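A structural walkthrough
Each chain is listed here by its residues.
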Amino acid sequence: MIVTTTPSVDGWTTTEHLGIVTGEAILGANVFKDVFAGIRDVVGGRAAAYEQELKRARDIAFSEMEAEATTRGADAVVAVDLDYETIGSSMLMVSASGTAVRLTNV
């Protein structure tokens, strides 16, 4: 599946818009505590374990979005937006959204 932040895919024509598709992942306070407890070294102010957890959440959000697009029969998801939001004081939500489309080769 093609996933892009652009509104179209070079070399392809959009033949049908299938609607907005989304994916979300929420990390709770316990995840953050576990991540920080496991951090043994911070190089240059970066916390590798924390970054890995955020990457995992982002990957989950993208996977859910792509799965929804696949069930709609899409070839691609265009105009993808990725957001990080806090929920309350102890949770972080990563969300991905875009437009599922069908394509034809030009």
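This text gives an overview of the structure that appears in the document. What you are looking at is a predicted structure, and each value in this text was computed from that prediction instead of being measured.

Here is what the cut-offs are and how they apply
All residue numbers here refer to positions counted from 1 along the written sequence of the relevant chain. Where local features are concerned, this predicted model is filtered to residues with pLDDT of at least 70; where side-chain atom pairs are given and counted, the filter is 80 or more; whole-chain, interface and lining totals use all residues. The basis for every side-chain value is the complete set of non-hydrogen atoms in the structure, without hydrogens or water. By the convention used here, strands pair only if DSSP detects at least 2 bridges between them. Each helix corresponds to a stretch of at least 4 residues labelled H or I by DSSP, and each strand to a stretch of at least 2 residues labelled E; elements are numbered beginning at the N terminus. By definition here, a salt bridge exists when the distance from a side-chain nitrogen of Lys or Arg to a carboxyl oxygen of Asp or Glu is within 4 Å. For every residue, the accessible area obtained with a 1.4 Å probe (protein chains only) is divided by the maximum for its type, and the residue is called buried under 20%, exposed over 50%, and partly exposed between those limits. Among buried residues, those of type Ala, Val, Leu, Ile, Met, Phe, Trp, Tyr and Cys that are joined through side-chain atoms within 4.5 Å constitute a nonpolar core. By the convention used here, residues are in contact when the closest approach between their heavy atoms is within 4.5 Å.

1. Quick word on the sheet that holds strand β1 (residues 2-3)
Read across the sheet, four strands follow the order β1-β3-β4-β2 without closing on themselves; strand pairing throughout is mixed. Unpaired on one side and paired on the other, β1 and β2 (12-27) mark the two borders of the sheet.

2. Focus: the pattern of salt bridges
Here the idea is simple: oppositely charged side chains can pair when their charged atoms come close. For the structure shown, the criterion picks out four salt bridges. The partner of R56 in a salt bridge is E53, with the nearest N and O atoms 2.6 Å apart. Residue R56 and its partner E53 are both found in helix α2 (residues 48-71); the two are separated by three residues, about one turn of the helix. Assessed through its relative accessible area of 42%, R56 is described here as partly exposed. E53 gets classed as buried once you look at its relative accessible area, which sits at 16%.

3. Section: the nonpolar core
In globular proteins that are soluble, nonpolar side chains generally tend to be buried together. Residues V21, M65, A69, V77 and A100 are the most contacted members of the largest nonpolar core, which totals 16 residues. For this core, the elements supplying multiple residues, two or more each, are β2, α2, β3 (76-87) and β4 (91-105). Among the elements that make up this core, the one with the highest residue count is α2 (five residues). Other than its neighbours up to four places away in sequence, V77 contacts M1, I2, V3, T4, V21, M65, A69, G98, T99 and A100. In terms of nonpolar packing, the next biggest core, distinct from the first, is built from five residues, V9, A76, V78 and V101 among them.

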